[in-house]
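Structure at a glance
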Amino acid sequence: MRAVVASKISADAPADAVEVVDRADLVPGPGQVLVTVRAASLNHHDLWALRGVGVSEDRLPMVLGSDVAGVTEDGREVVVHALVADPDRGHGDELLDPRRGMLADALQGGLAERVVVPERNLVDKPASLSFEQAACLPTAWLTAYRMLFVRGAARPGQTVLVQGASGGVATAAIVLGRSAGLRVQVTGRTPEKLEKARALGADGCFGSGERLPERVDLVIDTVGGPTWEHSLRSVRPGGTVVVAGATAGAAVRTDLFRLFLQHITVHGSAMGRIEELRDLLALCEARGVVPHVDSVFGLERAPEAFAKLAAGEAFGKVVIVPEAVA
């Protein structure tokens with residue numbers, strides 16, 4: 001079968017390390033299911049792997065991609081929960097399993113014609129979503145869902161600031177927040193990206209670091225270092241900042257006086273539980289929520305897709321489909 005692999009580590013030019021190769025056919029083991037991939041979306045986690053973050057040379061070549069939508073051998077249309085974990089090892093919470101890992105890290109990635117996954121990771125795909133749309137959900141959209149409604153406990157009528165208007169988590173948070181009756185403010189680096197965010201439903205659009213007209217109840221931050229102090233300045237006293245990523249760097253300086261004197265709550269968040277993915281899919285089905293797909297590439301054009309993601313040119317999710325179903 002054809003698959004997209006990281007053939008080497010390239011810190012400065014990750015897309016140059018992407019190759020499309022032939023791999024041996026897969027055979028499911030105990031508790032596993034073979035899924036024919038109909039679509040898979042890219043994540044910054046894939047870029048980290050290509051840059052060598054958490055990946056050593058002896059693991060290469062490794063098949064990339066953890067966000068998959070496809071069909072099982074018995075014809076079931078599914079979305080694959082991207083986190084391979086055992087709730088028992090996490091004392092009932094798969095997110096706390098010390099041996100948890102993304103699909104591409106724990107087994108073999110989904111940027112291929114077929115993938116083997118744990119049976120427990122399968123969730124039924126809503127009929128209202130295409131495979132390309134459904135493949136956007138398991139990481140970025142699930143992360144946004146958990147940040148907003150689980151860690152952030154957002155309620156209708158509240159105001160949320162989404163830092164970095166164009167990323168996969170950010171665009172998901174805009175659409176999900178709007179669908180749940182939140183007032184959504186966003187920041188972005190370019191007028192073009194801010195205009196696209198407004199089209200997705202953002203109520204207010206501001207330049208990076210720009211002072212907001214009023215403080216917000218909740219901040220969603222996946223950017224990291226460059227936006228951290230702005231996030232703390234923008235949240236109201238008693239408000240909440242939820243952090244799930246550091247796409248622009250993790251080094252921060254924090255004003256601890258502001259943090260404790262204004263009773264600001266900071267939550268870390270990463271991915272989401274499988275039941276939260278089911279809730280997310282149910283929300284999409286019930287409210288007609290559709291993930292925003294930036295672009296779709298055939299499997300053989302995977303290096304181009306990664307180049308677009310690495311250059312920061314995507315607005316929303318970049319999706320890859322096997323050539324046979326493109």
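Summary of the structure given here. Every chain begins its residue count from 1, and numbering advances along the sequence as written. In keeping with the model being predicted, local features are shown solely for residues with a pLDDT of at least 70 and side-chain atom pairs are shown and tallied solely at 80 or more, while totals for entire chains, interfaces and linings include all residues. Water and hydrogen atoms were dropped before computing side-chain values, which therefore reflect all heavy atoms in the structure.

Secondary structure summary: the chain contains ten helices and 18 strands in total. A compact globule built from 326 residues should have a C-alpha radius of gyration of about 20 Å, and the chain, at 19 Å, falls within 12% of that. For every residue, the accessible area (1.4 Å probe, protein chains only) is compared with the maximum for its type, and the residue is labelled buried under 20%, exposed over 50%, or partly exposed between those bounds. Here the chain holds 326 residues, and 54% of them are scored as buried. Residue-level accessible areas treat just the shown protein chains as cover; the underlying method is Shrake-Rupley with a 1.4 Å probe. For the chain, the accessible area works out to roughly 13700 Å², and carbon and sulfur atoms hold 50% of it. Averaged over its 34 positive side-chain charges, the chain has a centre that lies 7 Å from the centre of its 40 negative ones. Think of it this way: any DSSP run of H or I at least four residues long counts as a helix, any run of E at least two long counts as a strand, and we number them from the N terminus. Within these notes, the globule rule equals 2.2 Å times the number of residues to the 0.38 power, and the radius of gyration is based on C-alpha atoms. For the purpose of charge, His is not counted, nor are the chain termini; Lys and Arg are scored as positive and Asp and Glu as negative. Throughout, a charge is located at the NZ atom of Lys, the CZ atom of Arg, the CG atom of Asp or the CD atom of Glu.

Here the focus is unusual backbone geometry. Cis rather than trans, the peptide bond between Leu-60 and Pro-61 has omega equal to -5 degrees. By the secondary structure assignment, Pro-61 is in the loop between helix H1 (44–50) and strand S4 (62–63). The residue His-91 is not glycine, and still its phi comes out positive at about 55 degrees. Within the secondary structure, His-91 sits in the loop between strand S7 (83–84) and strand S8 (101–102). With relative accessibility at 80%, the residue His-91 sits in the exposed group. Unlike most non-glycine residues, His-263 shows phi in positive territory, near 55 degrees. Of the residues examined, His-263 reaches a relative accessible area of 61% and is grouped as exposed.

Glancing now at the sheet that holds strand S12 (residues 183–188). By the convention used here, strands pair only if DSSP detects at least 2 bridges between them. Reading across from one edge, S13-S12-S11-S14-S15-S16 is the order of the six strands in this open sheet, with parallel pairing throughout. Among the strands making up the open sheet, the edge pair consists of strand S13 (204–207) and strand S16 (265–268). The average undirected angle you get between the axes of adjacent strands in this sheet is 20 degrees. When strand S11 (residues 159–162) meets S12, the two strands line up parallel, connected through four bridges. Interaxial angle, 0 to 180 degrees, is taken between N-to-C directions of lines fitted to C-alpha atoms, where a helix line uses only the stretch in contact.

Let us look at a nonpolar patch on the surface. Nonpolar side chains collect at one region of the surface, where Leu-256, Phe-257, Phe-260 and Leu-261 lie side by side and expose about 480 Å² of accessible area between them. Structurally, the position occupied by Leu-256 is in helix H8 (residues 256–261). Residue classification places Leu-256 among the exposed positions, given a relative accessible area of 52%. Only residues whose relative accessible area exceeds 30% and that form no salt bridge enter a patch; like-charged residues are grouped when within 9 Å of one another, and nonpolar side chains (Val, Leu, Ile, Met, Phe, Trp, Tyr) when within 5 Å. A carboxyl oxygen of Asp or Glu within 4 Å of a side-chain nitrogen of Lys or Arg is what we treat as a salt bridge.

The next thing to look at is the sheet that holds strand S1 (residues 2–6). Taken in spatial order, the three strands line up as S2-S1-S4 in an open sheet, and their pairing is antiparallel. Since the sheet does not close on itself, it has two edges, and those belong to strand S2 (18–22) and S4, each with one partner. The sheet contact formed by S1 and S2 spans five bridges and is antiparallel. From the neighbouring strand, Ala-6 faces S2, where its bridge partner is Val-18. Whether two residues are in contact is decided by their heavy atoms, any of which lying within 4.5 Å being enough. Seen against the sheet, helix H10 (residues 302–310) touches S1 and S2 and runs at an angle of roughly 155 degrees to S2.

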